[in-house]
Amino acid sequence: MAAVSFPSTTFAPQSTKPNPKSVFPSPSNLSFSSRSCPSFPLTPLRCSPLRRAAITVACASADVSSSAKAFRGLCYVVGDNIDTDQIIPAEHLTLVPSNPSEYEKLGSFALCGLPSSYTTRFVVPDATKTEYSIIIGGANFGCGSSREHAPVALGAAGAVAVVAESYARIFFRNSVATGEVYPIEVEDRVCEECQTGDEVSVLLEEGGGRLINHRTGKEWKLKPIGDAGPVIEAGGIFAYARKTGMIPSAA
């Protein structure tokens, strides 16, 4: 059969929709693309004033100096591949974080899905807050389903930071978007050198940071959190967008 050749044809685009590149800033100018926030009103997952109150309580109990971006408190150590079902099991996803009482109750279930090999509970029974303000994990922390309840539950329980070897991308983004916890990366296997109950400090400094174990005296260098830091500090992507004028302030 003879080969059939088709003339080359150039088609002009028919869509009249604006080019997104002409509407939002160029990604080359941003290291955190979620700053390109749409200008229509949306409702955040949880109440930001409530979260600010929770952060205040957690900072006071953990001796946190937020002005210096220094967090000091007891750590809770977990291993690799801690998935979102272990962080907050699916049966608790009916709780609505924007409801203050349900937000608090959500914290009581944080990390309750861990296997029985974890003999120390992150939140003890009949309590809603944890004594461990800093979580130390291994590789691929937050893998599994993309539920925003995972970082929200940790924040509701009183955790302010997670230090792990690596994160599932969706958990990292949800942590930043909700502003509940700082997801900080460390290159070393810190989860094998720290023990649950150790007093540690997380120092967020320009160009990176340090994790200090006050029991052993060891220090580890932390990777920079970049432009995600101001978003978390503001209380999440919506609070950051309002603060910077990307969307109208809440009435």
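The rules behind the values
- Residues numbered from 1 in each chain as written.
- Predicted model: local features only at pLDDT ≥ 70, side-chain atom pairs only at ≥ 80, totals over all residues.
- Heavy atoms only, no water.
- Helix = DSSP H or I, 4+ residues; strand = E, 2+ residues; numbered from the N terminus.
- Buried < 20%, exposed > 50% of the residue type's maximum accessible area, 1.4 Å probe, protein only.
- Contact = heavy atoms within 4.5 Å.
- Pairing = 2+ DSSP bridges.
- Salt bridge = Lys/Arg side-chain N within 4 Å of Asp/Glu carboxyl O.
- Axes fitted to C-alpha atoms, helices over the stretch in contact; angles between N-to-C directions.
- Parallel < 35°, antiparallel > 145°, perpendicular 65-115°, else oblique.
- Nonpolar A, V, L, I, M, F, W, Y, C, P; charged D, E, K, R; others polar.

Digging into the overall build of the protein chain
Then, number 1: A count of helical and extended segments in the protein chain gives eight helices and seven strands.
Then, number 2: Buried positions account for 43% of the 251 residues belonging to the protein chain.
Then, number 3: Counting contacts in the protein chain only where the partners sit at least 6 residues apart, residues at least 24 apart contribute 68% of the total.

Thoughts on the environment of Ile 134
Then, number 1: Secondary-structure assignment places Ile 134 in strand S2 (residues 132-137).
Then, number 2: Ile 134 sits in the buried class, given a relative accessible area of 0%.
Then, number 3: With 61 residues separating them in the primary sequence, Ile 134 and Gly 73 have C-alpha atoms 6.6 Å apart.
Then, number 4: Once residues lying within four places of it in the same chain are set aside, the contact partners of Ile 134 are Phe 71, Gly 73, Leu 74, Cys 75, Tyr 76, Ala 161, Val 163, Val 200 and Val 202.

What to know about unusual backbone geometry
Then, number 1: For Leu 111, which is not glycine, the phi torsion reads 60° and is therefore positive.
Then, number 2: Positionally, Leu 111 belongs in the loop between helix H4 (100-108) and S2.
Then, number 3: Given the relative accessible area of 4%, Leu 111 is considered buried.

Considering the pairing of strand S1 (residues 70-77)
Then, number 1: Across the eight residues that make up S1, a large majority, six, are buried.
Then, number 2: As defined by bridge partners, S1 adjoins strand S5 (residues 199-205) across five bridges and the pair is classed as antiparallel. When the sheet's bridge partners are listed, Leu 74 is paired in S5 with Glu 199.

Here we look at the pattern of salt bridges
Then, number 1: Throughout the structure, instances matching the rule amount to ten salt bridges.
Then, number 2: The partner of Asp 85 in a salt bridge is Arg 147, with the nearest N and O atoms 2.9 Å apart. With Asp 85 in helix H3 (residues 84-87) and Arg 147 in the loop between S2 and helix H5 (149-157), the pair connects residues that are 62 residues apart, well separated along the chain.
Then, number 3: We note a salt bridge from Arg 215 to Asp 198, for which the minimum N-O separation is 2.7 Å.

A closer look at the packing of H4 against H5
Then, number 1: Packing of H4 against H5 brings their axes to within 7 Å, and their N-to-C directions diverge by 90°. Judged by the angle between their axes, H4 and H5 are roughly perpendicular. Packed against H4, whose contacting residues are Tyr 103, Leu 106 and Gly 107, the element H5 presents His 149, Val 152, Ala 153, Gly 155, Ala 156 and Ala 157 at the interface.
Then, number 2: Residue classes in the contact of H4 with H5 are distributed as six nonpolar, three polar and no charged.

Keep in mind these numbers describe shape, not what the thing actually does.
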